[in-house]
Amino acid sequence: HLGRALDAIHDDPGSPWTVESLARLARASRSQFAEQFKDAIGDTPARYVTRVRMERAERMLRAGASVTDIAFQLGYESDAGFSRAFRRHAGVAPSQWRRSSATSL
């Protein structure tokens with residue numbers, strides 16, 4: 001049933017996913033789900049959701065989406081919150097990442 005949770009994350013990474021809500025989709029207890037997820041995926045559900053969001057953000061940045069639009073679509077309450085998460089992921093701000101990504105193409 002882990003596949004249901006993974007599909008949901010990929011279909012709508014901007015949803016306010018919690019371990020509890022994902023466990024319900026997987027028809028498992030919260031603790032059982034968290035353990036099975038870590039064993040199967042190699043990461044916690046929360047870190048996986050963040051990684052999926054950041055990979056989606058990279059694609060959106062390449063496509064020219066604004067930081068505001070990306071933040072909203074990926075479930076962040078503010079540009080600043082998204083920018084902090086993106087900086088942790090990529091090591092640079094989204095706008096800087098976009099510029100360096102454009103020059104490397």
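Our subject is the structure listed above.
Student: Go over the overall build of the protein, please, and point to the residues and values.
Tutor: When helices and strands are counted, the protein shows 7 helices and 0 strands. If you list the helices and strands of the protein from N to C, you get α-α-α-α-α-α-α. Judged by the C-alpha coordinates and their principal axes, the protein covers about 45 × 25 × 20 Å. For the protein, with 105 residues in total, the buried portion stands at 38%. Restricting to contacts in the protein with at least 6 residues of sequence separation, those with at least 24 account for 48%. Element-wise, carbon and sulfur atoms account for 48% of the exposed surface of the protein, whose accessible area totals about 6,300 Å².

Student: Hey, could you go over the nonpolar core for me, with residue numbers and the actual values?
Tutor: Ranked by internal contacts, the top residues of the largest apolar core, which has 14 residues, are Ile9, Leu22, Phe33, Phe37 and Tyr48. Secondary-structure elements contributing two or more residues to this core are helix H1 (2-11), helix H2 (19-25), helix H3 (30-41) and helix H4 (45-62). Among the elements that take part in this core, H1 stands out by supplying 4 residues, more than any other. Once residues lying within four places of it in the same chain are set aside, the contact partners of leucine 22 are Ala5, Ile9, Trp17, Phe33, Pro45 and Val49. Ala57, Ala71, Leu74 and Tyr76 belong to the second-largest nonpolar core, a separate cluster that totals 13 residues.

Student: Kindly report on the packing of H4 against helix H7 (residues 94-103), identifying the contributing residues and their values.
Tutor: As a packed pair, H4 and H7 sit with axes 10 Å apart at the nearest point and diverge in direction by 60°. Classified by the angle their axes make, H4 and H7 are oblique. The handedness of the crossing between H4 and H7 comes out as right-handed. In contact with Glu58, Leu61 and Arg62 of H4, H7 contributes Pro94, Trp97, Arg98 and Ser101.

Conventions and cut-offs
Residues numbered from 1 in each chain as written. Predicted model: local features only at pLDDT ≥ 70, side-chain atom pairs only at ≥ 80, totals over all residues. Heavy atoms only, no water. Helix = DSSP H or I, 4+ residues; strand = E, 2+ residues; numbered from the N terminus. Buried < 20%, exposed > 50% of the residue type's maximum accessible area, 1.4 Å probe, protein only. Contact = heavy atoms within 4.5 Å. Areas by Shrake-Rupley, 256 points an atom, 1.4 Å probe, with all protein chains shown as cover. Core = buried A, V, L, I, M, F, W, Y, C linked by side-chain atoms within 4.5 Å. Axes fitted to C-alpha atoms, helices over the stretch in contact; angles between N-to-C directions. Parallel < 35°, antiparallel > 145°, perpendicular 65-115°, else oblique. Left-handed = near helix turned anticlockwise from the far one by under 90°.

That is the geometry; function is a separate question.
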